[in-house]
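Summary of the model geometry
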Amino acid sequence: MIRFNKVSKVFKDGTVALKDVSLTIPAEQLVVIIGPSGCGKTTLMKMINRLEIPTSGEVYVDGKAVSSLNPVELRKTIGYVIQQIGLFPHMTIEKNASLVPNLKGWPKEKTAKRIRELILMVGLDPKQYLAKYPLELSGGQQQRIGVVRALAGNPDIVLMDEPFSALDPISREQLQVEMKHLQEKINKTIIFVTHDMDEALKIADTIVVMRSGRIEQIGTPTELIENPINEFVKNFIGIERINRKRLLGKRKLQEFIYFFQQEKQSPCLEVEASMLLEEAIALLEENGAKCLLVKKVNEKLGYVTQSVLLRAMLAKEEVV
């Protein structure tokens, strides 16, 4: 668990980045911090691994004050993915990904096994990519390796600072989907900073909306869309997006078969294809289930998770 207790930050030039922020981030959730440029979201995230120091207040990780920890040792235990990726061009993909395990003194066999497992989890073939150099990869492939490197040392916490914002729309969409699937497998505490509301709604378990150094609202994607706390949050989400979600919520699951998956995420509940989309989302939330098995009479149509249903709601193309 990560806790911010009355944290403020004023830079040397007088810029006030954070104003008395208190926030608790539960373990094993993908929490998205979102807001307009300059709202303090990246500053807040960087305080977790001491890349920024609070002017006042304290940050706690698993009950320990971050200010009391050695910053080098702390950063070895926290994965970090940034927009610029930062792979070393003179090192192979395998050596780039092995940096933290090597710093931790892992045996070579353990490191090699971990890297290969993660490369497969992000959709790449170890035989094809481990011996390559970063410049031989596309931007999307490099970003996948950035995620592998952040996870290689098996950290409990991973920080991601707008990691997909420089990618083309197709690569970005693919990585958003893979990020959500990956989190369902590894169950890390992931703090993901973005300014893109569609991205936040697609991948987040919880969303923290910020403005001018303060927190405006915290909630699940569904809670934010259904109950924005004020005009700022409503406008930041977007009236059109909210209206589209509410309209689509009245449609039946069978109309969104294009989004169904074949992979089961346990535990899973069985529902009929005639169930309304909004009823399906409510059912998942009320029962704490990972997914729904959608059936039409006795035919299995596929599986859906809450993130899949939200993607269906947010899709701009007409789905029939």
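Residues numbered from 1 in each chain as written. Predicted model: local features only at pLDDT ≥ 70, side-chain atom pairs only at ≥ 80, totals over all residues. Heavy atoms only, no water.

**Some remarks on the environment of Leu135**
Selection criterion: Secondary structure elements are taken from DSSP: a helix is a run of H or I of four residues or more, a strand is a run of E of two residues or more, and numbering for both begins at the N terminus.
Considering the arrangement of structural elements, one finds Leu135 in the loop between helix H6 (126-129) and helix H7 (139-152). Sequence spacing of Leu135 and Cys268 is 133 residues, and the spatial spacing of their C-alpha atoms is 42 Å.

**Remarks on the pattern of salt bridges**
To keep it simple, the criterion reads: Salt bridge, as applied in this entry: a Lys or Arg side-chain nitrogen positioned within 4 Å of an Asp or Glu carboxyl oxygen. A 1.4 Å probe rolled over the protein chains alone gives each residue an accessible area, and that area as a share of the maximum for its type sets the label: buried under 20%, exposed over 50%, partly exposed in between.
A complete count under the given rule lists eleven salt bridges for this structure. Residue Glu52 pairs with Lys9 through a salt bridge whose shortest N-O separation is 3.9 Å. Here Lys9 lies in strand E1 (residues 2-10) and Glu52 lies in the loop between helix H1 (41-46) and strand E4 (56-61), a separation of 43 residues in the sequence. The salt bridge partner of Asp196 is Arg172, with a shortest N-O separation of 3.5 Å. In this pair, Asp196 is assigned in the loop between strand E8 (189-194) and helix H9 (197-203) and Arg172 in helix H8 (residues 169-186), connecting sequence segments 24 residues apart. Residue class for Arg172 comes out buried when judged on its relative accessible area of 13%. Taken together, the shared-partner salt bridges in this structure form one network comprising Arg172, Asp196 and Glu199.

**Examining the sheet that holds strand E3 (residues 30-34)**
How we decide: Only strands that DSSP links by at least two bridges are regarded as paired with each other. For helices, the fitted axis covers only the stretch in contact; all axes are lines through C-alpha atoms, and the angles between them, taken along N-to-C directions, range from 0 to 180 degrees. Only heavy atoms enter the contact rule, under which two residues are in contact if any of them lie within 4.5 Å.
Taken in spatial order, the six strands line up as E6-E7-E8-E3-E9-E10 in an open sheet, and their pairing is mixed. Two strands bound the open sheet, and with one partner strand each, they are strand E6 (78-82) and strand E10 (214-219). Each strand axis lies, on average, 15° off the axis of its neighbour in the sheet, ignoring direction. Contacting E6 and strand E7 (157-161), H7 crosses the sheet at an angle of about 165° to E6. Across the face of the sheet, H8 comes into contact with E3, E7 and E8 while running at roughly 160° to E8.

**A look at the nonpolar core**
Spelled out, the test is: Definition used in this section: a nonpolar core is a set of buried Ala, Val, Leu, Ile, Met, Phe, Trp, Tyr and Cys residues joined via side-chain atoms within 4.5 Å.
The biggest cluster of nonpolar side chains holds 45 residues, and the ones touching the most others in it are Val32, Ile119, Met160 and Ile207. Every residue in contact with Val32, bar those within four places of it in the chain, is listed here: Phe192, Thr194, Ala200, Ile203, Ala204, Thr206, Ile207 and Val208. Formed by 25 residues, the second largest nonpolar core is a distinct cluster that contains Leu18, Leu23, Cys39 and Met45.

**Concerning the packing of H7 against H8**
Definition in use: Relative orientations are named as follows: roughly parallel for angles under 35 degrees, roughly antiparallel for angles over 145 degrees, roughly perpendicular for angles from 65 to 115 degrees, and oblique for any other angle. What makes a crossing left-handed is the near helix being turned counterclockwise from the far one by less than a right angle; a clockwise turn instead makes it right-handed. Polar here means any residue outside two lists: the nonpolar Ala, Val, Leu, Ile, Met, Phe, Trp, Tyr, Cys and Pro, and the charged Asp, Glu, Lys and Arg; Gly therefore counts as polar.
Between H7 and H8, whose axes approach to 11 Å, the crossing angle comes to 20°. Here H7 lies roughly parallel to H8, going by the angle between them. Where H7 crosses over H8, the handedness of that crossing is right-handed. Taking contact as the criterion, the partners of Gly140, Gln143, Arg144, Val147 and Leu151 in H7 are, on H8, Ser171, Gln174, Leu175, Glu178, Leu182 and Ile186. Its residues assigned to classes, the contact of H7 with H8 shows five nonpolar, four polar and two charged.

**Let's talk about the confidence of the model for the protein chain**
Heads up, the condition is: Scored from 0 to 100, pLDDT records how confident the predictor is in each individual residue.
Residue-level pLDDT values for the protein chain average 88, and 96% of them are 70 or greater. Within the protein chain, E1 carries the highest mean pLDDT (97), whereas helix H12 (residues 239-248) carries the lowest (73). Under a pLDDT of 50 for its full length, residues 316-320 has, in the predicted model, eight contacts with residues more than four places off or in other chains.

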